[in-house]
Amino acid sequence: MAETGRLRATAPSAPMIGPVTLLRAAIILGVLAIWEFLSHSGWLYRDVVPSLVAIGRALLELLSHGDYYFNLGVTAAEVGFALLIGGGAGVIVGIIIGANRFLARAYEPYLYYLGPTPKIIFFPVMIMYFGVGPESKVALGVLSCFFPVALSTAAGMRGIDRILIRVGESFRANSWQMVTKIYLPAMRHPIINGVRLGLGVALIGVLLAETKLSNKGIGFLIIQAYSIFDMPRMYAMLIVLFVLAIGANALVGRLGGLHTIRRT
Amino acid sequence: MSVAVARRSGSYMPAVAGLGSLLVFFLVMEALVQSGMVSRFIVPPPSEILGSFGRLFVEEHVVSRFEQTIVECLTAGVMLTVFGIAGGVLMQRYTLLQRACETWVAALASAPVALMYPLFLVIFGRNSWTIIMMAFVSALPPVILKTIEGISGTRRVLVNVGRSFNLTPSQQFWKILFPAALPTIFVGVRLGLIFALINVVGVEFLINYGGLGQLINDLSERYDLAGTYAAICFVILVSVLFFMTLEKIERWLRPVD
(Lines give C-alpha, C1' and ligand atoms only; values in the text may rest on other atoms or scores of the structure.)
Protein backbone atom coordinates (compact mmCIF):
# COMPACT_ATOMS: atom_id res chain seq x y z
CA MET A 1 0.00 0.00 0.00
CA ALA A 2 2.79 2.33 1.01
CA GLU A 3 4.55 1.68 -2.30
CA THR A 4 1.36 2.43 -4.21
CA GLY A 5 0.91 5.63 -2.28
CA ARG A 6 4.43 6.76 -3.09
CA LEU A 7 3.93 6.05 -6.78
CA ARG A 8 0.70 8.01 -6.79
CA ALA A 9 2.39 10.91 -5.08
CA THR A 10 5.12 11.18 -7.70
CA ALA A 11 2.88 10.69 -10.72
CA PRO A 12 1.45 14.25 -11.06
CA SER A 13 4.94 15.81 -11.09
CA ALA A 14 5.76 14.03 -14.39
CA PRO A 15 5.53 16.40 -17.38
CA MET A 16 2.48 16.09 -19.63
CA ILE A 17 4.62 15.63 -22.75
CA GLY A 18 7.95 13.90 -22.33
CA PRO A 19 11.16 15.01 -24.08
CA VAL A 20 11.01 11.92 -26.33
CA THR A 21 7.55 12.86 -27.61
CA LEU A 22 8.67 16.45 -28.09
CA LEU A 23 11.73 15.37 -30.07
CA ARG A 24 9.63 13.02 -32.19
CA ALA A 25 7.15 15.79 -32.92
CA ALA A 26 10.04 18.16 -33.77
CA ILE A 27 11.59 15.61 -36.17
CA ILE A 28 8.25 14.95 -37.89
CA LEU A 29 7.50 18.66 -38.20
CA GLY A 30 11.04 19.33 -39.47
CA VAL A 31 10.79 16.63 -42.13
CA LEU A 32 7.36 17.88 -43.22
CA ALA A 33 8.64 21.47 -43.39
CA ILE A 34 11.66 20.44 -45.50
CA TRP A 35 9.38 18.38 -47.74
CA GLU A 36 7.00 21.29 -48.27
CA PHE A 37 9.92 23.63 -48.94
CA LEU A 38 11.38 21.22 -51.51
CA SER A 39 8.02 20.81 -53.24
CA HIS A 40 7.81 24.57 -53.78
CA SER A 41 11.51 25.21 -54.43
CA GLY A 42 11.59 23.96 -58.01
CA TRP A 43 14.97 22.29 -57.35
CA LEU A 44 13.59 18.87 -58.21
CA TYR A 45 11.58 17.74 -61.23
CA ARG A 46 7.98 18.85 -61.00
CA ASP A 47 5.79 16.51 -58.94
CA VAL A 48 8.68 14.31 -57.77
CA VAL A 49 8.07 15.84 -54.36
CA PRO A 50 4.39 16.88 -54.43
CA SER A 51 3.02 19.21 -51.77
CA LEU A 52 1.66 17.72 -48.56
CA VAL A 53 -1.78 19.07 -49.45
CA ALA A 54 -1.74 17.13 -52.73
CA ILE A 55 -0.64 13.94 -50.93
CA GLY A 56 -3.33 14.44 -48.28
CA ARG A 57 -5.95 14.95 -50.96
CA ALA A 58 -4.77 11.83 -52.80
CA LEU A 59 -4.86 9.88 -49.53
CA LEU A 60 -8.47 10.91 -48.86
CA GLU A 61 -9.47 10.13 -52.42
CA LEU A 62 -7.78 6.75 -52.22
CA LEU A 63 -9.44 5.77 -48.97
CA SER A 64 -12.89 6.89 -50.15
CA HIS A 65 -12.84 4.68 -53.26
CA GLY A 66 -14.24 1.15 -53.16
CA ASP A 67 -11.85 0.16 -55.94
CA TYR A 68 -8.88 0.56 -53.60
CA TYR A 69 -10.43 -1.75 -51.01
CA PHE A 70 -11.11 -4.37 -53.70
CA ASN A 71 -7.43 -4.32 -54.70
CA LEU A 72 -6.38 -4.32 -51.04
CA GLY A 73 -8.57 -7.37 -50.56
CA VAL A 74 -6.93 -9.13 -53.52
CA THR A 75 -3.43 -8.49 -52.13
CA ALA A 76 -4.50 -9.43 -48.59
CA ALA A 77 -6.01 -12.70 -49.87
CA GLU A 78 -2.85 -13.51 -51.85
CA VAL A 79 -0.64 -12.81 -48.83
CA GLY A 80 -3.02 -14.75 -46.56
CA PHE A 81 -2.97 -17.84 -48.79
CA ALA A 82 0.80 -17.57 -49.17
CA LEU A 83 1.24 -17.42 -45.41
CA LEU A 84 -1.18 -20.31 -44.87
CA ILE A 85 0.48 -22.61 -47.40
CA GLY A 86 4.10 -21.51 -47.01
CA GLY A 87 3.85 -21.06 -43.24
CA GLY A 88 2.08 -24.42 -42.81
CA ALA A 89 4.66 -26.20 -44.94
CA GLY A 90 7.43 -24.36 -43.08
CA VAL A 91 6.11 -25.50 -39.68
CA ILE A 92 5.83 -29.14 -40.84
CA VAL A 93 9.31 -29.18 -42.40
CA GLY A 94 10.73 -27.31 -39.39
CA ILE A 95 9.30 -29.88 -36.96
CA ILE A 96 10.62 -32.81 -39.03
CA ILE A 97 14.09 -31.28 -39.45
CA GLY A 98 14.25 -29.98 -35.89
CA ALA A 99 13.35 -33.39 -34.44
CA ASN A 100 16.01 -35.31 -36.35
CA ARG A 101 19.69 -34.37 -36.14
CA PHE A 102 20.63 -36.34 -39.26
CA LEU A 103 17.95 -34.65 -41.38
CA ALA A 104 18.90 -31.28 -39.93
CA ARG A 105 22.54 -31.74 -40.92
CA ALA A 106 21.58 -33.07 -44.35
CA TYR A 107 19.01 -30.47 -45.40
CA GLU A 108 19.17 -27.44 -43.10
CA PRO A 109 22.21 -25.92 -44.86
CA TYR A 110 20.15 -25.80 -48.07
CA LEU A 111 17.30 -24.03 -46.27
CA TYR A 112 19.76 -21.72 -44.53
CA TYR A 113 21.54 -20.63 -47.69
CA LEU A 114 18.51 -20.63 -50.01
CA GLY A 115 16.48 -18.62 -47.49
CA PRO A 116 18.07 -15.22 -48.15
CA THR A 117 18.36 -15.55 -51.96
CA PRO A 118 16.24 -13.05 -53.93
CA LYS A 119 12.93 -14.87 -54.52
CA ILE A 120 11.57 -12.46 -57.13
CA ILE A 121 13.88 -14.07 -59.72
CA PHE A 122 11.68 -17.19 -59.51
CA PHE A 123 8.71 -15.20 -60.79
CA PRO A 124 9.16 -16.17 -64.48
CA VAL A 125 9.17 -19.82 -63.39
CA MET A 126 6.06 -19.28 -61.25
CA ILE A 127 4.29 -17.73 -64.24
CA MET A 128 5.17 -20.83 -66.27
CA TYR A 129 3.77 -23.10 -63.56
CA PHE A 130 0.73 -21.15 -62.37
CA GLY A 131 -0.12 -18.60 -65.07
CA VAL A 132 -0.35 -14.81 -64.88
CA GLY A 133 -3.24 -14.72 -62.39
CA PRO A 134 -3.12 -14.43 -58.59
CA GLU A 135 -1.88 -18.05 -58.29
CA SER A 136 1.65 -17.12 -59.41
CA LYS A 137 1.74 -14.30 -56.83
CA VAL A 138 0.58 -16.67 -54.11
CA ALA A 139 3.25 -19.16 -55.23
CA LEU A 140 5.96 -16.53 -54.97
CA GLY A 141 4.66 -15.56 -51.52
CA VAL A 142 4.72 -19.24 -50.49
CA LEU A 143 8.30 -19.58 -51.66
CA SER A 144 9.28 -16.40 -49.83
CA CYS A 145 7.73 -17.22 -46.46
CA PHE A 146 8.50 -20.94 -46.33
CA PHE A 147 12.19 -20.51 -45.46
CA PRO A 148 12.03 -18.18 -42.42
CA VAL A 149 9.16 -20.18 -40.90
CA ALA A 150 10.92 -23.53 -41.47
CA LEU A 151 14.25 -22.31 -40.07
CA SER A 152 12.64 -20.63 -37.08
CA THR A 153 10.51 -23.72 -36.30
CA ALA A 154 13.51 -26.05 -36.61
CA ALA A 155 15.49 -23.85 -34.21
CA GLY A 156 12.50 -23.71 -31.85
CA MET A 157 12.12 -27.49 -31.99
CA ARG A 158 15.71 -27.95 -30.91
CA GLY A 159 15.21 -25.46 -28.08
CA ILE A 160 12.29 -27.33 -26.46
CA ASP A 161 12.96 -28.25 -22.87
CA ARG A 162 13.75 -32.01 -22.68
CA ILE A 163 11.58 -32.25 -19.56
CA LEU A 164 8.47 -31.30 -21.55
CA ILE A 165 9.22 -34.01 -24.12
CA ARG A 166 9.76 -36.57 -21.34
CA VAL A 167 6.45 -35.55 -19.75
CA GLY A 168 4.71 -36.22 -23.08
CA GLU A 169 6.48 -39.55 -23.46
CA SER A 170 5.65 -40.59 -19.89
CA PHE A 171 1.98 -39.93 -20.68
CA ARG A 172 2.46 -42.19 -23.75
CA ALA A 173 1.34 -39.40 -26.08
CA ASN A 174 1.20 -40.44 -29.74
CA SER A 175 2.97 -38.42 -32.47
CA TRP A 176 -0.04 -36.20 -33.15
CA GLN A 177 -0.54 -35.51 -29.43
CA MET A 178 3.17 -34.77 -29.05
CA VAL A 179 2.96 -32.22 -31.87
CA THR A 180 -0.26 -30.54 -30.73
CA LYS A 181 0.17 -30.75 -26.93
CA ILE A 182 3.95 -30.43 -26.47
CA TYR A 183 5.89 -29.23 -29.54
CA LEU A 184 3.59 -26.50 -30.90
CA PRO A 185 2.76 -24.85 -27.53
CA ALA A 186 6.43 -24.97 -26.50
CA MET A 187 7.51 -23.48 -29.82
CA ARG A 188 4.94 -20.72 -29.85
CA HIS A 189 7.44 -17.87 -29.74
CA PRO A 190 9.89 -19.10 -32.41
CA ILE A 191 6.99 -20.01 -34.70
CA ILE A 192 5.34 -16.61 -34.26
CA ASN A 193 8.72 -14.99 -34.88
CA GLY A 194 9.08 -17.03 -38.07
CA VAL A 195 5.53 -16.14 -39.12
CA ARG A 196 6.34 -12.47 -38.53
CA LEU A 197 9.40 -12.69 -40.75
CA GLY A 198 7.42 -14.81 -43.23
CA LEU A 199 4.61 -12.28 -43.34
CA GLY A 200 7.06 -9.51 -44.20
CA VAL A 201 8.78 -11.38 -47.02
CA ALA A 202 5.50 -12.86 -48.35
CA LEU A 203 4.06 -9.35 -48.52
CA ILE A 204 7.11 -8.06 -50.38
CA GLY A 205 7.12 -11.07 -52.72
CA VAL A 206 3.43 -10.75 -53.57
CA LEU A 207 3.55 -6.98 -54.03
CA LEU A 208 6.68 -7.04 -56.20
CA ALA A 209 5.17 -9.79 -58.34
CA GLU A 210 2.05 -7.64 -58.73
CA THR A 211 4.14 -4.70 -59.91
CA LYS A 212 5.84 -6.93 -62.50
CA LEU A 213 2.80 -8.57 -64.09
CA SER A 214 -0.74 -8.19 -62.82
CA ASN A 215 -4.07 -6.48 -63.39
CA LYS A 216 -5.21 -6.23 -59.78
CA GLY A 217 -3.79 -5.76 -56.30
CA ILE A 218 -1.95 -2.95 -54.55
CA GLY A 219 1.28 -3.61 -56.44
CA PHE A 220 -0.60 -3.16 -59.69
CA LEU A 221 -2.11 0.13 -58.46
CA ILE A 222 1.34 1.42 -57.48
CA ILE A 223 2.90 0.62 -60.85
CA GLN A 224 -0.19 2.07 -62.59
CA ALA A 225 0.26 5.33 -60.65
CA TYR A 226 3.93 5.31 -61.72
CA SER A 227 3.09 4.74 -65.39
CA ILE A 228 0.70 7.73 -65.48
CA PHE A 229 3.06 9.75 -63.24
CA ASP A 230 0.42 10.30 -60.55
CA MET A 231 2.96 10.90 -57.79
CA PRO A 232 0.63 12.09 -55.00
CA ARG A 233 -1.41 8.89 -55.45
CA MET A 234 1.75 6.77 -55.38
CA TYR A 235 2.94 8.43 -52.16
CA ALA A 236 -0.53 7.99 -50.64
CA MET A 237 -0.53 4.28 -51.49
CA LEU A 238 2.96 3.78 -50.09
CA ILE A 239 1.97 5.53 -46.84
CA VAL A 240 -1.13 3.34 -46.40
CA LEU A 241 0.85 0.23 -47.30
CA PHE A 242 3.65 1.00 -44.83
CA VAL A 243 1.15 1.67 -42.04
CA LEU A 244 -0.71 -1.58 -42.77
CA ALA A 245 2.48 -3.66 -43.04
CA ILE A 246 4.01 -2.29 -39.84
CA GLY A 247 0.64 -2.66 -38.07
CA ALA A 248 0.19 -6.26 -39.25
CA ASN A 249 3.72 -7.10 -38.14
CA ALA A 250 3.16 -5.61 -34.69
CA LEU A 251 -0.23 -7.34 -34.42
CA VAL A 252 1.20 -10.79 -35.20
CA GLY A 253 3.92 -10.21 -32.60
CA ARG A 254 1.37 -9.07 -30.04
CA LEU A 255 -1.07 -11.92 -30.70
CA GLY A 256 1.79 -14.35 -30.32
CA GLY A 257 2.76 -12.78 -27.02
CA LEU A 258 6.25 -11.77 -28.20
CA HIS A 259 6.08 -8.63 -26.06
CA THR A 260 5.91 -10.80 -22.95
CA ILE A 261 9.11 -12.78 -23.65
CA ARG A 262 11.42 -10.55 -21.62
CA ARG A 263 9.09 -10.45 -18.65
CA THR A 264 8.58 -14.21 -18.32
CA MET B 1 42.18 -41.80 -32.96
CA SER B 2 39.85 -44.39 -34.49
CA VAL B 3 36.89 -42.74 -32.74
CA ALA B 4 37.90 -39.39 -34.19
CA VAL B 5 38.18 -40.88 -37.66
CA ALA B 6 34.81 -42.61 -37.31
CA ARG B 7 33.26 -39.41 -36.05
CA ARG B 8 34.81 -37.50 -38.90
CA SER B 9 33.64 -40.00 -41.50
CA GLY B 10 30.21 -40.08 -39.81
CA SER B 11 29.96 -36.31 -40.10
CA TYR B 12 30.09 -36.60 -43.89
CA MET B 13 27.05 -38.87 -44.04
CA PRO B 14 24.37 -36.15 -43.69
CA ALA B 15 26.10 -33.99 -46.31
CA VAL B 16 26.32 -36.99 -48.66
CA ALA B 17 22.63 -37.74 -48.04
CA GLY B 18 21.72 -34.11 -48.77
CA LEU B 19 23.73 -33.99 -51.99
CA GLY B 20 22.54 -37.47 -52.95
CA SER B 21 18.87 -36.56 -52.63
CA LEU B 22 19.49 -33.42 -54.70
CA LEU B 23 21.09 -35.60 -57.38
CA VAL B 24 18.19 -38.08 -57.25
CA PHE B 25 15.73 -35.18 -57.61
CA PHE B 26 17.52 -33.98 -60.77
CA LEU B 27 17.63 -37.51 -62.20
CA VAL B 28 13.90 -38.01 -61.53
CA MET B 29 13.11 -34.66 -63.16
CA GLU B 30 15.26 -35.60 -66.16
CA ALA B 31 13.38 -38.89 -66.54
CA LEU B 32 9.98 -37.22 -66.12
CA VAL B 33 10.73 -34.53 -68.71
CA GLN B 34 12.37 -36.93 -71.20
CA SER B 35 9.42 -39.32 -70.92
CA GLY B 36 7.01 -36.45 -71.58
CA MET B 37 5.22 -36.76 -68.21
CA VAL B 38 6.33 -33.21 -67.44
CA SER B 39 6.16 -30.75 -70.33
CA ARG B 40 9.60 -29.55 -71.45
CA PHE B 41 7.91 -26.23 -72.32
CA ILE B 42 7.40 -25.67 -68.59
CA VAL B 43 10.39 -27.45 -67.05
CA PRO B 44 13.43 -28.00 -69.28
CA PRO B 45 15.43 -31.17 -68.61
CA PRO B 46 18.24 -30.60 -66.06
CA SER B 47 20.81 -31.76 -68.67
CA GLU B 48 19.67 -28.94 -70.96
CA ILE B 49 19.94 -26.44 -68.09
CA LEU B 50 23.46 -27.67 -67.37
CA GLY B 51 24.33 -27.29 -71.06
CA SER B 52 23.07 -23.69 -71.04
CA PHE B 53 25.69 -22.54 -68.53
CA GLY B 54 28.35 -22.29 -71.25
CA ARG B 55 25.99 -20.16 -73.31
CA LEU B 56 25.53 -17.79 -70.37
CA PHE B 57 29.27 -17.12 -70.34
CA VAL B 58 29.81 -16.88 -74.10
CA GLU B 59 26.63 -15.23 -75.40
CA GLU B 60 25.10 -13.49 -72.39
CA HIS B 61 28.34 -12.10 -70.89
CA VAL B 62 27.39 -13.28 -67.45
CA VAL B 63 30.79 -12.32 -66.00
CA SER B 64 30.42 -8.62 -66.83
CA ARG B 65 26.82 -8.74 -65.58
CA PHE B 66 28.04 -10.35 -62.37
CA GLU B 67 30.63 -7.58 -62.01
CA GLN B 68 27.94 -4.93 -62.43
CA THR B 69 25.70 -6.55 -59.82
CA ILE B 70 28.58 -6.91 -57.37
CA VAL B 71 29.72 -3.31 -57.93
CA GLU B 72 26.18 -2.05 -57.27
CA CYS B 73 25.91 -4.24 -54.19
CA LEU B 74 29.29 -3.17 -52.81
CA THR B 75 28.59 0.52 -53.50
CA ALA B 76 25.37 0.17 -51.50
CA GLY B 77 27.40 -1.78 -48.93
CA VAL B 78 29.96 1.02 -48.51
CA MET B 79 27.18 3.61 -48.21
CA LEU B 80 25.20 1.64 -45.67
CA THR B 81 28.35 0.86 -43.65
CA VAL B 82 29.30 4.55 -43.48
CA PHE B 83 25.82 5.97 -42.89
CA GLY B 84 24.51 3.03 -40.86
CA ILE B 85 27.42 3.00 -38.42
CA ALA B 86 27.43 6.80 -38.19
CA GLY B 87 23.68 6.80 -37.54
CA GLY B 88 24.00 4.06 -34.93
CA VAL B 89 26.87 5.82 -33.15
CA LEU B 90 24.96 9.10 -33.15
CA MET B 91 21.83 7.47 -31.75
CA GLN B 92 23.82 5.60 -29.10
CA ARG B 93 25.68 8.79 -28.13
CA TYR B 94 22.47 10.80 -27.64
CA THR B 95 20.07 8.70 -25.56
CA LEU B 96 17.11 10.98 -26.27
CA LEU B 97 17.61 10.60 -30.01
CA GLN B 98 17.87 6.83 -29.59
CA ARG B 99 14.68 6.66 -27.53
CA ALA B 100 12.86 8.80 -30.09
CA CYS B 101 14.06 7.09 -33.27
CA GLU B 102 15.01 3.48 -32.53
CA THR B 103 11.38 2.31 -32.84
CA TRP B 104 11.10 4.08 -36.19
CA VAL B 105 14.22 2.37 -37.49
CA ALA B 106 12.90 -1.02 -36.32
CA ALA B 107 9.54 -0.26 -37.98
CA LEU B 108 11.34 0.66 -41.21
CA ALA B 109 12.99 -2.77 -41.10
CA SER B 110 9.57 -4.44 -41.18
CA ALA B 111 8.10 -2.13 -43.85
CA PRO B 112 8.00 -3.24 -47.51
CA VAL B 113 10.60 -0.66 -48.56
CA ALA B 114 11.27 -2.57 -51.80
CA LEU B 115 7.90 -1.31 -53.04
CA MET B 116 9.38 2.17 -53.27
CA TYR B 117 11.30 1.28 -56.41
CA PRO B 118 8.86 3.09 -58.77
CA LEU B 119 9.41 6.20 -56.65
CA PHE B 120 13.19 5.82 -56.90
CA LEU B 121 12.80 5.32 -60.64
CA VAL B 122 11.16 8.72 -60.85
CA ILE B 123 13.77 10.37 -58.62
CA PHE B 124 16.98 8.80 -60.01
CA GLY B 125 15.88 7.57 -63.43
CA ARG B 126 16.35 4.10 -64.90
CA ASN B 127 20.01 3.68 -64.00
CA SER B 128 22.30 2.06 -61.45
CA TRP B 129 21.61 4.72 -58.82
CA THR B 130 17.99 3.61 -58.48
CA ILE B 131 19.23 0.09 -57.76
CA ILE B 132 21.97 1.24 -55.39
CA MET B 133 19.72 3.62 -53.46
CA MET B 134 16.98 0.99 -53.14
CA ALA B 135 19.51 -1.47 -51.75
CA PHE B 136 20.90 1.20 -49.44
CA VAL B 137 17.54 2.25 -47.97
CA SER B 138 16.32 -1.34 -47.55
CA ALA B 139 19.51 -2.51 -45.87
CA LEU B 140 20.14 0.45 -43.56
CA PRO B 141 18.03 -0.52 -40.48
CA PRO B 142 19.98 -3.65 -39.42
CA VAL B 143 23.31 -1.77 -39.55
CA ILE B 144 21.97 1.07 -37.38
CA LEU B 145 20.31 -1.29 -34.89
CA LYS B 146 23.31 -3.60 -34.57
CA THR B 147 25.70 -0.63 -34.15
CA ILE B 148 23.59 0.62 -31.23
CA GLU B 149 23.49 -2.89 -29.77
CA GLY B 150 27.23 -3.39 -30.19
CA ILE B 151 28.32 -0.13 -28.58
CA SER B 152 25.74 -0.38 -25.77
CA GLY B 153 26.91 -3.91 -25.05
CA THR B 154 30.58 -2.97 -24.53
CA ARG B 155 31.76 -4.55 -21.29
CA ARG B 156 31.85 -2.16 -18.36
CA VAL B 157 35.38 -3.23 -17.43
CA LEU B 158 36.72 -2.14 -20.83
CA VAL B 159 35.08 1.29 -20.51
CA ASN B 160 36.56 1.62 -17.01
CA VAL B 161 40.03 0.73 -18.31
CA GLY B 162 39.68 3.59 -20.81
CA ARG B 163 38.61 5.95 -18.03
CA SER B 164 41.51 4.93 -15.81
CA PHE B 165 43.89 5.87 -18.65
CA ASN B 166 42.16 9.27 -18.88
CA LEU B 167 41.27 8.74 -22.54
CA THR B 168 39.51 11.56 -24.36
CA PRO B 169 35.97 10.79 -25.66
CA SER B 170 37.44 10.37 -29.15
CA GLN B 171 40.16 7.98 -27.91
CA GLN B 172 37.58 6.14 -25.80
CA PHE B 173 35.50 5.59 -28.94
CA TRP B 174 38.29 4.56 -31.34
CA LYS B 175 40.37 2.53 -28.86
CA ILE B 176 37.67 0.93 -26.67
CA LEU B 177 34.06 1.19 -27.84
CA PHE B 178 34.45 0.69 -31.60
CA PRO B 179 36.85 -2.30 -31.47
CA ALA B 180 34.69 -3.96 -28.79
CA ALA B 181 31.52 -3.40 -30.82
CA LEU B 182 33.04 -4.41 -34.18
CA PRO B 183 31.89 -8.06 -34.19
CA THR B 184 28.27 -7.03 -33.48
CA ILE B 185 28.48 -4.17 -35.96
CA PHE B 186 29.67 -6.62 -38.61
CA VAL B 187 26.62 -8.82 -37.94
CA GLY B 188 24.57 -5.75 -38.95
CA VAL B 189 26.78 -5.06 -41.98
CA ARG B 190 26.49 -8.73 -43.02
CA LEU B 191 22.68 -8.59 -42.75
CA GLY B 192 22.75 -5.28 -44.60
CA LEU B 193 24.86 -6.71 -47.42
CA ILE B 194 22.52 -9.71 -47.73
CA PHE B 195 19.51 -7.36 -47.98
CA ALA B 196 21.49 -5.22 -50.43
CA LEU B 197 22.21 -8.18 -52.73
CA ILE B 198 18.56 -9.32 -52.59
CA ASN B 199 17.39 -5.83 -53.48
CA VAL B 200 20.00 -5.23 -56.17
CA VAL B 201 19.12 -8.43 -58.05
CA GLY B 202 15.39 -7.92 -57.40
CA VAL B 203 15.30 -4.34 -58.66
CA GLU B 204 17.50 -5.22 -61.65
CA PHE B 205 14.94 -7.86 -62.53
CA LEU B 206 11.95 -5.54 -62.00
CA ILE B 207 13.24 -2.52 -63.89
CA ASN B 208 15.04 -4.63 -66.49
CA TYR B 209 18.34 -2.82 -66.05
CA GLY B 210 21.82 -3.82 -64.93
CA GLY B 211 23.41 -7.18 -64.24
CA LEU B 212 22.18 -10.62 -63.23
CA GLY B 213 18.57 -9.64 -62.47
CA GLN B 214 18.18 -8.19 -65.93
CA LEU B 215 19.70 -11.32 -67.47
CA ILE B 216 16.94 -13.47 -65.92
CA ASN B 217 14.29 -11.02 -67.12
CA ASP B 218 15.79 -10.93 -70.63
CA LEU B 219 16.00 -14.69 -70.94
CA SER B 220 12.47 -15.25 -69.64
CA GLU B 221 11.07 -12.63 -72.04
CA ARG B 222 12.83 -14.47 -74.89
CA TYR B 223 11.22 -17.67 -73.57
CA ASP B 224 14.67 -19.23 -73.28
CA LEU B 225 13.60 -21.58 -70.51
CA ALA B 226 16.84 -23.53 -70.11
CA GLY B 227 18.77 -20.23 -70.06
CA THR B 228 16.36 -18.74 -67.50
CA TYR B 229 16.76 -21.74 -65.18
CA ALA B 230 20.56 -21.67 -65.65
CA ALA B 231 20.66 -17.94 -64.84
CA ILE B 232 18.51 -18.49 -61.73
CA CYS B 233 20.89 -21.28 -60.64
CA PHE B 234 23.84 -18.94 -61.26
CA VAL B 235 22.27 -16.19 -59.10
CA ILE B 236 21.57 -18.70 -56.32
CA LEU B 237 25.17 -19.91 -56.52
CA VAL B 238 26.52 -16.35 -56.38
CA SER B 239 24.22 -15.49 -53.44
CA VAL B 240 25.24 -18.59 -51.49
CA LEU B 241 28.97 -17.90 -52.07
CA PHE B 242 28.43 -14.28 -51.04
CA PHE B 243 26.71 -15.30 -47.78
CA MET B 244 29.39 -17.90 -47.03
CA THR B 245 32.17 -15.35 -47.52
CA LEU B 246 30.42 -12.87 -45.22
CA GLU B 247 29.96 -15.57 -42.59
CA LYS B 248 33.66 -16.45 -42.76
CA ILE B 249 34.60 -12.77 -42.24
CA GLU B 250 32.17 -12.54 -39.34
CA ARG B 251 33.67 -15.64 -37.69
CA TRP B 252 37.15 -14.19 -38.19
CA LEU B 253 36.10 -10.94 -36.46
CA ARG B 254 34.38 -12.68 -33.54
CA PRO B 255 36.54 -12.66 -30.40
CA VAL B 256 37.74 -16.05 -29.13
CA ASP B 257 36.65 -16.63 -25.52
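This one's a predicted model, so the numbers in the text were calculated from it and none came from an experiment.

A. Broad picture of the overall build of chain A. Within chain A one finds 12 helices and 0 strands. Beginning at the N terminus, the succession of helices and strands in chain A can be written as α-α-α-α-α-α-α-α-α-α-α-α. Against the compact-globule benchmark of 18 Å for 264 residues, chain A has a radius of gyration of 24 Å, which places it well outside the compact range. If you line up chain A on its principal axes, its C-alpha atoms span 75 × 70 × 35 Å. At a minimum sequence separation of 6, the contacts of chain A that also span at least 24 residues come to 72%. In the form shown here, chain A has an accessible surface area of approximately 14,700 Å², with 68% of it arising from carbon and sulfur atoms. Both charge centroids of chain A, one from 22 positive and one from 12 negative side chains, sit 13 Å from each other.

B. Spatial organisation of the nonpolar core. By size, the foremost hydrophobic cluster in this structure holds 127 residues, and its most contacted members are Tyr183 and Ile222 of chain A together with Met116, Tyr117 and Leu119 of chain B. The element contributing the most residues to this core is helix α8 (residues 169–207) of chain B, with 17 residues. Once you skip the residues sitting within four places of it in the chain, leucine 119 of chain B turns out to touch Met231, Met234, Tyr235 and Leu238 of chain A. Core analysis: the second largest hydrophobic core is formed by 8 residues, Leu111, Phe146, Phe147 and Ala154 of chain A among them.

C. Inspection of the interface of chain B and chain A at higher detail. In this complex, chain B contributes 54 residues to the contact, which on the side of chain A involves 45 residues. Buried area between chain B and chain A, both sides added, is near 4,500 Å², and the carbon and sulfur share of it is 80%. Considering only the surface of chain B that becomes buried against chain A, Pro112, Leu115 and Val122 of chain B emerge as the three largest contributors, covering 15% of it. Here chain B and chain A share 0 salt bridges between them.

D. Expanded view of the packing of helix α7 (residues 156–164) of chain B against α8 of chain B. Residue and element names in this part refer to chain B. The N-to-C vectors of α7 and α8 enclose an angle of 170°; their axes lie 10 Å apart at closest approach. Judged by the angle between their axes, α7 and α8 are roughly antiparallel. Contacts between α7 and α8 involve Leu158, Val159, Gly162 and Arg163 from the former and Gln172, Ile176, Leu177 and Ala180 from the latter. Of the residues contributing to the contact of α7 with α8, the split by class is 5 nonpolar, 2 polar and 1 charged.

E. Representation of helix α6 (residues 123–130) of chain A. Where α6 of chain A is concerned, the buried positions are Phe123, Pro124, Val125 and Met126 of chain A. The inward-facing, buried residues of α6 of chain A abut α7 (134–158) and α10 (188–212) of chain A together with α8, α9 (212–221) and α10 (225–253) of chain B. Immediately downstream of α6 of chain A, the backbone of glycine 131 of chain A shows phi near 85°, a positive value.

F. Spatial organisation of the environment of isoleucine 160 of chain A. By the secondary structure assignment, isoleucine 160 of chain A is in the loop between α7 and α8 (162–170). Among all residues touching isoleucine 160 of chain A, those that are not within four sequence positions of it are Ile165, Tyr183, Ala186 and Met187 of chain A.

G. Quick look at the environment of leucine 84 of chain A. Mapped onto the secondary structure, leucine 84 of chain A falls in helix α4 (residues 66–99). For the pair formed by leucine 84 of chain A and glutamate 36 of chain A, sequence separation is 48 residues and the distance between their alpha carbons is 43 Å.

H. Inspection of the packing of aromatic side chains at higher detail. Under the criterion given, the structure shown has 14 aromatic pairs over all chains. Residues tyrosine 112 of chain A and tyrosine 113 of chain A carry aromatic rings whose centres are separated by 5.0 Å and whose planes lie at 80° to one another, so their mutual orientation is edge-to-face. Its relative accessible area of 37% is what places tyrosine 112 of chain A among the partly exposed residues. Seen in terms of ring centroids, phenylalanine 120 of chain B and phenylalanine 124 of chain B are 5.8 Å apart; in terms of plane orientation they differ by 40°. Their pairing is tilted. Linking phenylalanine 120 of chain B with phenylalanine 124 of chain B, this pair stays in helix α5 (residues 117–124), spanning 4 residues, or about one helical turn.

I. The side chain of glutamate 247 of chain B, seen in detail. Along the chain, glutamate 247 of chain B falls in helix α10. One polar contact links glutamate 247 of chain B to tyrosine 112 of chain A, side chain to side chain, over a distance of 2.3 Å.

Rules and cut-offs
Residues numbered from 1 in each chain as written. Chains lettered and ligands numbered in written order. Predicted model: local features only at pLDDT ≥ 70, side-chain atom pairs only at ≥ 80, totals over all residues. Heavy atoms only, no water. Helix = DSSP H or I, 4+ residues; strand = E, 2+ residues; numbered from the N terminus. Rg over C-alpha atoms; globule rule 2.2 N^0.38 Å. Contact = heavy atoms within 4.5 Å. Areas by Shrake-Rupley, 256 points an atom, 1.4 Å probe, with all protein chains shown as cover. Lys, Arg positive; Asp, Glu negative; His and termini not counted. Charge placed at Lys NZ, Arg CZ, Asp CG, Glu CD. Core = buried A, V, L, I, M, F, W, Y, C linked by side-chain atoms within 4.5 Å. Buried < 20%, exposed > 50% of the residue type's maximum accessible area, 1.4 Å probe, protein only. Buried area = accessible area lost by both parts, 1.4 Å probe. Salt bridge = Lys/Arg side-chain N within 4 Å of Asp/Glu carboxyl O. Axes fitted to C-alpha atoms, helices over the stretch in contact; angles between N-to-C directions. Parallel < 35°, antiparallel > 145°, perpendicular 65-115°, else oblique. Nonpolar A, V, L, I, M, F, W, Y, C, P; charged D, E, K, R; others polar. Phe/Tyr/Trp six-rings, centres within 6.5 Å; stacked < 30°, edge-to-face > 60°. Polar contact = N/O pair within 3.5 Å; in protein donor to acceptor, adjacent residues only side chain to side chain.

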